[in-house]
Amino acid sequence: MADTVLFEFLHTEMVAELWAHDPDPGPGGQKMSLSVLEGMGFRVGRALGERLPRETLAFREELDVLKFLCKDLWVAVFQKQMDSLRTNHQGTYVLQDNSFPLLLPMASGLQYLEEAPKFLAFTCGLLRGALCTLGIESVVTASVAALPICKFQVVIPKS
Amino acid sequence: MSRPAHRRPEYHKINKDLFVLTYGALVAQLCKDYEKDEDVNQYLDKMGYGIGTRLVEDFLARSCVGRCHSYSEITDIIAQVAFKMYLGITPSVTCNNSSRNEFSLILDKNPLVEFVEELPAGRSSLCYCNLLCGIIRGALEMVHLAADVTFLQDRLKGDSVTEIGITFLKKRDEKKYRRKK
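Quick notes on the rules
- Residues numbered from 1 in each chain as written.
- Chains lettered and ligands numbered in written order.
- Predicted model: local features only at pLDDT ≥ 70, side-chain atom pairs only at ≥ 80, totals over all residues.
- Heavy atoms only, no water.
- Helix = DSSP H or I, 4+ residues; strand = E, 2+ residues; numbered from the N terminus.
- Buried < 20%, exposed > 50% of the residue type's maximum accessible area, 1.4 Å probe, protein only.
- Pairing = 2+ DSSP bridges.
- Axes fitted to C-alpha atoms, helices over the stretch in contact; angles between N-to-C directions.
- Contact = heavy atoms within 4.5 Å.
- Phe/Tyr/Trp six-rings, centres within 6.5 Å; stacked < 30°, edge-to-face > 60°.
- Lys NZ or Arg CZ within 6 Å of the ring centre and 35° of its normal.
- pLDDT = per-residue confidence, 0-100.

## Quick look at the overall build of chain A
- Of regular secondary structure, chain A possesses four helices and four strands.
- In chain A, the order of α-helices and β-strands from amino to carboxyl end is α-α-α-β-β-α-β-β.
- Here chain A holds 159 residues, and the buried ones make up 50% of them.

## Let's talk about the sheet that holds strand E3 (residues 139-146) of chain A
Residue and element names in this part refer to chain A.
- Across the sheet, which stays open at both edges, the four strands sit in the order E1-E2-E4-E3 with antiparallel pairing between neighbours. In this open sheet, the two edge strands, each paired with only one partner strand, are strand E1 (84-87) and E3. Direction aside, the axes of adjacent strands within the sheet are offset by 20° on average.
- Across four bridges, the pairing between E1 and strand E2 (residues 92-97) is antiparallel. In the strand pairing of E2, Arg86 is matched with Val94.
- Together, E1, E2 and strand E4 (149-155) form the strand contacts of helix H3 (residues 62-78), whose direction differs from that of E2 by roughly 15°.

## Let's talk about the packing of aromatic side chains
- Per the stated rule, a full pass over the model turns up eleven aromatic pairs over all chains.
- Relative to A:Phe122, the ring of A:Phe7 has its centre 5.8 Å away and its plane inclined at 50°; by these criteria the two rings are tilted. Linking A:Phe7 in helix H1 (residues 2-20) with A:Phe122 in helix H4 (residues 121-133), this pair joins segments that are 115 residues apart in sequence. Each member of the pair, A:Phe7 as well as A:Phe122, carries the same accessibility label: buried.
- Among the aromatic residues, those joined into a ring-pair cluster are A:Trp74, A:Phe78, A:Phe100 and A:Phe152.
- In this structure, A:Arg51 is placed above the aromatic ring of B:Phe115, and the distance from its NZ or CZ to the ring centre is 4.4 Å.
- Taking the ring centre of A:Phe42 as reference, the NZ or CZ of A:Arg128 above it sits at 4.1 Å.

## Looking at the confidence of the model for chain B
All names here are of chain B.
- Counting all residues, the mean pLDDT for chain B is 88, and 88% of those residues have values of 70 or more.
- Low pLDDT (under 50) marks residues 173-181, which in the prediction has zero contacts with non-local residues, meaning those over four places away or in another chain.
- Scoring the predicted complex yields pTM 0.89 and, for the interface, ipTM 0.89.

Here you go:
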């Protein structure tokens, strides 16, 4: 789908430019650059969340929401489902994608492992934003052991 | 077997929206980072250029267009094939001069501004869609064509249409590497 290509190219350019944005980051600098990308993802995730089909929003449980993200949201955005979802049933969820499209263009394996977090920040924000629209406050982080496999960790604090 | 999820029409729209919304978030972020409209415009153009240099390969792979023999043909392909493929619109093309190297793309619809009603306050010189100019310029450069690409008119600025001007520049002297005696 040509539409996704445009998004992927734009995302790559954003990572390159908004990262290079702060040439002398200082001790808190790295986190700062990632938070810009994460913040943009959050904004977009919230807007996307508002556009999702209404009938899918009648969730009974938190787990249903996460399943929805793994299936419907992921398919809408990345044309594939999340490959696995695990939870400790206490508010922590690990979503694993074995061939994450935004990492695919990079080499597979351990090369560029250091660069990988930059390519995940926007998507972490996207997930957090979508959850926010669905009424859930969360903290979303991501980790990569070997490209293109990545894990998104969603922590929903208990009120 | 039920219809695959990603073929549902709502998801197709979400896919289109994803790019447009992300672009909007990008412009908003740049407006935060840069006070002057010219700086934001320049940054968008620069990013577009980077995208264009890579997008052209994707375009050529998908479209299988043949060799072009005139600037007019190239502009037609940009409008009728590339814009259609990536943004789902077909701008109309006009030629602006007799030497046939200045063209305009008139955008009747512009998906990039779908969620934009008006420019932010104090941002009257912002070329919201300047990424497009950079993309076209970058793509053309990858096929060895130098061009100036700018917005000539912009509906967001109150003009009646949105018009992108493409001016193909003279090719450099191809004998520049001729050895001097």
